[in-house]
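Per-entry structural report
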Amino acid sequence: MLSAHLAPNTVIAERYKVERYLAEGGMQFVYVAYDLLTRRHIALKTPKNQSGDKRFRRGAIVAAKVNHPNVAKTLDYLEFEGKKYLVEELVNGVDLRQALMQRTRSIDPFLAAKVFHHLARGVAAAHHANVIHRDLKPTNVMVVGGYSLTELKITDFGIAKLIEDEFEKLNDSTISASQTAVGALPYMSPESIEDDKSQPVGAPSDVWSIGAMMFHLLTGDYPFGEGLKAVSKIVAAQPPCFPQLLFANPQFSPLANDLKELILACLKKNPTERPTADKLVVSCGQLCYPVSARYLGKVKSFQHGSWGFIQSELGEIFFHRECVFGDVPQVGDSVSFSCFVGGGAPRAMPVIRLEQ
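What counts, and at which threshold
Residues numbered from 1 in each chain as written. Predicted model: local features only at pLDDT ≥ 70, side-chain atom pairs only at ≥ 80, totals over all residues. Heavy atoms only, no water. Pairing = 2+ DSSP bridges. Helix = DSSP H or I, 4+ residues; strand = E, 2+ residues; numbered from the N terminus. Axes fitted to C-alpha atoms, helices over the stretch in contact; angles between N-to-C directions. Parallel < 35°, antiparallel > 145°, perpendicular 65-115°, else oblique. Left-handed = near helix turned anticlockwise from the far one by under 90°. Contact = heavy atoms within 4.5 Å. Nonpolar A, V, L, I, M, F, W, Y, C, P; charged D, E, K, R; others polar. Buried < 20%, exposed > 50% of the residue type's maximum accessible area, 1.4 Å probe, protein only.

Regarding the sheet that holds strand β3 (residues 28–35)
What the six strands build is an open sheet, ordered β1-β2-β3-β4-β6-β5; its pairing is antiparallel. Of all the strands in the sheet, just β1 (11–12) and β5 (74–80) have a single pairing partner and so form its edges. Relative to β3, strand β2 (residues 16–24) runs antiparallel, the two sharing seven bridges. In the strand pairing of β3, K17 is matched with Y34.

Some details on the packing of helix α3 (residues 109–128) against helix α8 (residues 253–266)
Closest axis-to-axis distance for the α3/α8 pair is 9 Å, and the angle between their directions is 40°. In terms of orientation, α3 lies oblique with respect to α8. Here α3 runs over α8; the crossing is left-handed. Within the contact between the two elements, α3 uses P109, F110, A112, A113 and F116 and α8 uses L255, A256, L259, L262, I263 and C266. Here the residues of the contact of α3 with α8 sort into eleven nonpolar, no polar and no charged.

Quick notes on the packing of α3 against helix α6 (residues 203–219)
Running from N to C, α3 and α6 point in directions that differ by 165°, and their axes come no closer than 10 Å. Considering the angle they form, α3 stands roughly antiparallel to α6. Both α3 and α6 take part in a crossing whose hand is right-handed. Contacts between α3 and α6 involve P109, A112, V115, F116, L119, A120, V123 and H127 from the first element and A203, D206, I210, M213, M214, L217 and L218 from the second. When grouped by side-chain class, the residues that make up the contact of α3 with α6 number 13 nonpolar, one polar and one charged.

Focus: the pairing of strand β4 (residues 40–47)
One face of the sheet, then the other: side chains in a regular strand alternate in exactly this way. Across the eight residues that make up β4, a large majority, six, are buried. For β3 and β4, the ladder comprises eight bridges, and the chain directions are antiparallel. Bridge pairing in β4 places V32 opposite A43. With antiparallel pairing between neighbouring strands as the criterion, β3 and β4 make up a hairpin whose turn holds four residues, including R39 at a positive phi of roughly 60°.

Focus: the sheet that holds strand β10 (residues 151–154)
Pairing is antiparallel in the open sheet, where three strands are placed in the order β7-β9-β10. Edge positions in the sheet fall to β7 (94–95) and β10, since each of these pairs with one other strand and no more. Pairing geometry for β7 and strand β9 (residues 141–144), over two bridges, is antiparallel. Residue pairing for β9: D95 is matched across the bridge by M142. Strand contacts of α3: β9 and β10, with the helix running at about 40° to β10, the strand carrying the most contacts.

Geometry only, nothing functional implied.
Right, dumping it as structure tokens:
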């Protein structure tokens, strides 16, 4: 596999100098490269094999039509020495799964609302450009700033569909094979699985995927399970059950209920009954959630199972168990938190226990 990678210092088209291999997706390798003309670092992508060339070119053309802070910018597309390359802005972060789902089973409603809002805005921008992503999943969303979420950008429009386009069409079997990849399946809409010609995969399918991702982030569970066993449940589209623990704390339950209603609206069986991405943007804009920075620390003390202090780069931060979302941390546990001015000492709200 390594022999297929571009070697460091390789220069593509006398402009893009490869610095290092970064990652790979289902259809492409990704490198960090330096643009010798604009003097900035970029993400350089190339398909793994020739069978993906047509889809790769299509994705580049389609993605270039979307210009929004929540969508990774497509900067260039070229063919050099028989290989195809896509140049995209370099997002100095990690994908959504790595950023928010590695050390917690689920995220708190405050952070979930922020993610929801950013996703809706990015997808709405794509739909305004008549572009449907059709492969939305956590690994196709890049996050900068970790739990602070300073940036969120949707990427990889590899099987995106340009509405009423005049580009060459991919055959159904190729698209289906891509969409049924293990990583994408839990977030796929019923119509993308059923392949019903009378109900084509359109913009509402992206809205479904947003809802499925948000259910997963907020609860720690896939809305309809994972693997092939999820297919029949997705097609049936029975509303998934939310754990009662999500609504147990009155500090978080009002927002959690609002998020629940939005998610269930996204997961309607009938695509016409789902909100548009534009309506999602409006609804998310009406949610009450803080955007304060998040910090990491460790619980230094915890008195009477009720209150304690977190040791962090900010010093000692007071917290109360009522400000904790999920499992209550104990002394020595790592936590993520936001910090606010309080009487006597800064106060943490919310506090989320992290896996070690």
